[in-house]
Amino acid sequence: MRLDKWLWHARFFKSRTLAARYVEKSRCRIDGRVVAKPHATVLPGMVLTFALGPRVRVVRIVALGERRGPATEAQALYTEACIKCKYMDCVEVCPVDCFYEGENMLVINPDECIDCGVCEPECPPNAILPDTEKGLEQWLELNRSLSGDWPNITRKGEAPADADNFKDEKDKFKKYFSKEPGKR
């Protein structure tokens, strides 16, 4: 697959033209070599390095998609374990900035998530799960709808001072859930 097409497929750029222009400015490396040709071939196993926004992205290509967007098989989403915790360690590692902040929890936009899995081990209360697990349909819809209303966050903020007190509590959705957006 062409590099510009892969960057567009993986949703790093909103159009293939933008991806091609970015590559032409020699702002991308494949396996450590500078690449200035949008038609450069990428294959699974290759490592792309490029600056996007304030961060340098290092991405290992695992597969070549047949369509643009996240995998339909699995997407990460937040569950009630995040409510009243909101540690935000996951935000720092996300390559596509698909996190959105509410008053007392975070959500992931499942349509933006590329299911890379790097956020899952970063979540102290293990609140991030793939949507392929049984019984998470309500969380998929909640993440999708709230990510449309809440502000996007790209940097780690401060966790609530009492987050550890709520980390292992059960039934947090009934007790504490708020639809209010974050105040950053």
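Going by the structure above, here's the rest.
Report on the accompanying structure.

Criteria and cut-off values
- Residues numbered from 1 in each chain as written.
- Predicted model: local features only at pLDDT ≥ 70, side-chain atom pairs only at ≥ 80, totals over all residues.
- Heavy atoms only, no water.
- Salt bridge = Lys/Arg side-chain N within 4 Å of Asp/Glu carboxyl O.
- Helix = DSSP H or I, 4+ residues; strand = E, 2+ residues; numbered from the N terminus.
- Buried < 20%, exposed > 50% of the residue type's maximum accessible area, 1.4 Å probe, protein only.
- Disulfide = S-S within 2.5 Å.

Some remarks on the pattern of salt bridges
Thought 1: If you walk through the whole model with that rule in mind, you get nine salt bridges.
Thought 2: In this structure, Arg 144 engages Asp 111 in a salt bridge whose closest nitrogen and oxygen atoms are separated by 3.0 Å. With Arg 144 in helix H4 (residues 137-149) and Asp 111 in the loop between strand E7 (106-108) and strand E8 (128-130), this pair connects stretches of sequence that are 33 residues apart.
Thought 3: On the basis of relative accessibility, which here comes to 33%, the residue Asp 111 falls in the partly exposed class.
Thought 4: It is possible to trace a salt-bridge network through shared partners that takes in Arg 2, Asp 4 and Arg 16.

Considerations on the state of the cysteines
Thought 1: Summed over all chains, the structure comprises zero disulfides.
Thought 2: Among the cysteines around Cys 94, which has no disulfide bond, Cys 98 carries the closest sulfur, lying 3.8 Å off.
Thought 3: Residue class for Cys 94 comes out buried when judged on its relative accessible area of 5%.

Function cannot be inferred from these measures alone, as they are strictly geometric.
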